[in-house]
Amino acid sequence: MIMNTPRIGLAARVAGIKASPTLAVDAKAKALKAEGADVLNFSVGEPDFDTPPHVCAAGKAAIDQGFTRYTPVPGILPLREAVCARLAADHGWNYQPAQIQVSSGGKHGLYNMAQALFGPGDEVLIPSPYWVSYPPIVQLSGATPVIVPLDEKNDFDLDPTILAQYAGPATRGIIVNSPSNPTGSVLSATALKAIAGMALERGWVVISDDIYDTILYGAAKLPHILDVDPRIKEQTLILNGVSKSFAMTGWRIGYTAGPEYIIAAMNKIQSQATSNASSIAQKAALAALVGPQDFPIVMRDTFVLRRDFILRALTSIPGLSCVRPRGAFYVFPNMSAYYGRKTAGGQVIVGSVDLADYLLDEALLAAVPGVAFGADEFMRFSFATSMNILAKGMKRLATALTDLK
Ligand SMILES: *Cc1c(COP(=O)(O)O)cnc(C)c1O
C-alpha cells in the first residue's frame, strides 16, 4: 500500500531567502571531518578562543544562584547600564538604559530593527561585499535590499557618488559594517560623513554594525559615523555584542543602542517573539563588559600576526590580489584569475562556488565562496585558526590552484 503523506504549504517568504551559506560550508567541512578527512577549515566566522574563565564563572554562578527566570524584555538593567558605560568610555557617547536593547545575539538585534523599521515598498541600502545575513533580514521585513557595490581598488571604501546613484525615494536606511565581514576593510571618515549627510537630508536610518570594533589593527582610531557627524545620533542604531569581542558566539548576546522610541518598538517585537535573551548569558555578558578588558587585546594581538602571515602567503600566489584587512579576522582575496581554468577531471571553474567546491573536494580546504557576500570574484578565508593550520592550508591552496590548467 502506498501512503501519500500530505505536505503543508510553506510561506512564500521561505522560498525568498537562502539558509546562511557560511554556516552551510562550515557544516559540510565538519561532516567531512567527522568521516575522518583531514579538512582545514577556513570558513568559520567565530574566534577560535574559548570564552574567558571569569565570564564562564559568571554564567555558572547565575545558574547556581537560581537566576534562571524571565528577565525584563529589553535585558537586565545592570547589563544595559554596562553597555551605556561602555559606549561612554570607548567613544564619549551618551546613552541611557532605555535606549538599549539586549537581544539573542547581534543578528537577532538586526532582525528586531528590520521588523520595527521596514516594510513592503521600503528600500534599504547595503554596500557589497556585505555580511550574508543583511539582505535576508531586510527581505524578511518585506522591504527590498538595494546593493551598493564597493570597489577592491578603493580598498572597499564607499564612494559617495556611487551611493547617490543607488539612493531613491523609497530608500529608508543604510547598513554599514566597519571593520567589515568579509573584507576586513574600514570605512573612511570621508565616506561616513557623506553617508551621514545624505541620511540627514533624506531622513534615513543608519544601522552601524560595530561587532568587530575591538578587533582593529594598527594605531589609527576607527572612524565612526557618530563622531564624524554627531547630528546623526537621532537617526542611528548602533549594533554590537559580545560574540566576537569576548569569544561568546554560543551564548547569544547582542545589543542595540539608539533613539528610545525605536528601541521601544524593537522591544514590542522582541516581547512577542523571544521575550528576552537568556538570563544566564546576560549575566555572563555583564561580567565580560565590566570585568578585565585584556582578553580582546590578547585576541587582537594574536590575530594580527595571523593576518600578516596569511596575507603574505596569499599575495605570493600568482594571480591573487588581496586588500589588507584593517580589522576583523577575514581575508577576502580576488580569485578570479583562476576562473575559466580546468580541473584535472576537465571541469571548468566558472565562479566562486565551483572554486570552493574544488578546494574542499580536492584539497580538503574549506572557505566561503564570495558570491555569498555578493562578490563572486572573491573568496573569504577566516584566520581565526592556528598558525599551523594557516601554514598547511596556504600550501594546499597554492598547490591546488597550480593544478588548475
Ligand atoms: C558575527 C557577526 C554579527 C553578530 O553575530 P551574533 O553571533 O549574532 O552576535 C553581526 N554582524 C556581523 C558582520 C558579524 O560577522
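Read on for an overview of the structure. (Residues numbered from 1 in each chain as written. Predicted model: local features only at pLDDT ≥ 70, side-chain atom pairs only at ≥ 80, totals over all residues. Heavy atoms only, no water.)

What to know about the overall build of the protein
- Assigned secondary structure in the protein consists of 14 helices and 12 strands.
- Over its C-alpha atoms the protein spans a radius of gyration of 22 Å, differing by no more than 12% from the 22 Å that the globule rule assigns to 405 residues.
- Here the C-alpha coordinates of the protein stretch approximately 65 × 60 × 55 Å along the principal axes.
- Per-residue burial for the protein yields a buried fraction of 53% across its 405 residues.
- Partitioning the intrachain contacts of the protein with sequence separation of at least 6 by distance along the chain shows that 72% fall at a separation of at least 24.
- Of the roughly 17600 Å² of accessible surface on the protein, 57% is carried by carbon and sulfur atoms.
- Both charge centroids of the protein, one from 35 positive and one from 34 negative side chains, sit 3 Å from each other. (Helix = DSSP H or I, 4+ residues; strand = E, 2+ residues; numbered from the N terminus. Rg over C-alpha atoms; globule rule 2.2 N^0.38 Å. Buried < 20%, exposed > 50% of the residue type's maximum accessible area, 1.4 Å probe, protein only. Contact = heavy atoms within 4.5 Å. Areas by Shrake-Rupley, 256 points an atom, 1.4 Å probe, with all protein chains shown as cover. Lys, Arg positive; Asp, Glu negative; His and termini not counted. Charge placed at Lys NZ, Arg CZ, Asp CG, Glu CD.)

Quick notes on the sheet that holds strand 9 (residues 330-331)
- Read from one edge to the other, the open sheet built from three strands follows the order 9-12-11, with strand pairing classed as antiparallel. Of all strands in the sheet, those bounded by a partner on one side alone are strand 9 and strand 11 (368-369).
- Against the sheet, helix 13 (residues 352-363) makes contact with strand 11 and strand 12 (379-382), and its axis sits at roughly 40° relative to strand 12, the strand it touches most. (Pairing = 2+ DSSP bridges. Axes fitted to C-alpha atoms, helices over the stretch in contact; angles between N-to-C directions.)

Topic: the site of the ligand
- As a matter of local geometry, the ligand sits amid 13 residues, with Asp 209, Tyr 212, Ser 243, Lys 244 and Arg 252 nearest to it.
- Contacts to the ligand include Asp 209, whose side-chain N or O atom sits 2.6 Å from a nitrogen atom.
- Between Tyr 212 and the ligand, the recorded distance is 2.7 Å, taken from a side-chain N or O atom to an oxygen atom.
- Calculation on the ligand without its partners gives an accessible area of 380 Å², and the protein chains cover 95% of this total.
- More than half of the atoms of the ligand fall within 2 Å of the grid points belonging to the second largest pocket.
- Looking at side-chain class alone, the shell around the ligand contains four nonpolar, five polar and four charged residues. (Near = heavy atom within 4 Å. Polar contact = N/O pair within 3.5 Å; in protein donor to acceptor, adjacent residues only side chain to side chain. 1 Å grid on protein atoms, 1.4 Å probe; cavity = no way out; pocket = protein on both sides within 12 Å on 5 of 7 lines; lining within 4 Å. Sits in = over half its atoms within 2 Å of the grid points. Nonpolar A, V, L, I, M, F, W, Y, C, P; charged D, E, K, R; others polar.)

Overview of the packing of helix 4 (residues 77-91) against helix 11 (residues 279-290)
- Axis separation between helix 4 and helix 11 bottoms out at 9 Å; the angle between their running directions is 30°. Regarding the angle of helix 4 to helix 11, the classification is roughly parallel. Considering the relative orientation of helix 4 and helix 11, their crossing is left-handed. Contacts between helix 4 and helix 11 pair Pro 78, Leu 79, Ala 82, Val 83 and Arg 86 from the former with Gln 282, Ala 285, Leu 286, Leu 289 and Val 290 from the latter. (Parallel < 35°, antiparallel > 145°, perpendicular 65-115°, else oblique. Left-handed = near helix turned anticlockwise from the far one by under 90°.)

Focus on the pairing of strand 7 (residues 236-241)
- Burial runs high along strand 7: six of the six residues are buried.
- A two-sided burial pattern is seen for strand 7, the buried positions comprising Thr 236, Ile 238 and Asn 240 on one face and Leu 237, Leu 239 and Gly 241 on the other.
- Strand direction decides the pairing type here: strand 6 (residues 205-209) and strand 7, joined by four bridges, are parallel. For Val 206, the partnering residue across the bridge sits in strand 7 and is Thr 236.

A short note on the nonpolar core
- Counting 119 residues, the largest nonpolar core has Tyr 95, Ile 195, Met 335, Leu 355, Phe 381, Leu 397 and Leu 401 as the members making the most contacts within it.
- With seven residues, the top contributor of residues to this core is helix 12 (residues 294-315).
- Taken domain by domain, this core gets at least three of its residues from each of domain 1 (12-50 + 295-402) and domain 2 (69-290).
- Once you skip the residues sitting within four places of it in the chain, Met 335 turns out to touch Leu 320, Leu 355, Glu 377, Phe 378, Met 379, Phe 381, Leu 397 and Leu 401. (Core = buried A, V, L, I, M, F, W, Y, C linked by side-chain atoms within 4.5 Å. Domains from an automatic or database assignment.)

Overview of the side chain of His 108
- Tracing the chain through its elements places His 108 in helix 5 (residues 106-117).
- A relative accessible area of 12% places His 108 in the buried class.

Structural notes on empty space enclosed by the protein
- This structure, assessed with the given rule, holds five cavities of 30 Å³ or more.
- Looking at the largest cavity, it is lined by 17 residues, and the ones nearest its centre are Pro 127, Pro 129, Leu 150, Asn 177 and Ser 180.
- A per-element tally of the lining of the largest cavity places strand 5 (residues 171-177) first, with three residues.
- Volume-wise, the second largest cavity comes out at about 130 Å³.
- Considering the residues around the second largest cavity, the lining is formed by 16 residues, among which Arg 86, Asp 90, Asp 213, Asn 240 and Tyr 255 are closest to the centre.
- Secondary structure elements with two or more residues in the lining of the second largest cavity: helix 4 and strand 7.
- It is helix 4 that provides the largest number of residues to the lining of the second largest cavity, a total of four residues. (Points joined across faces, edges and corners; volume = space filled by probe spheres on them.)

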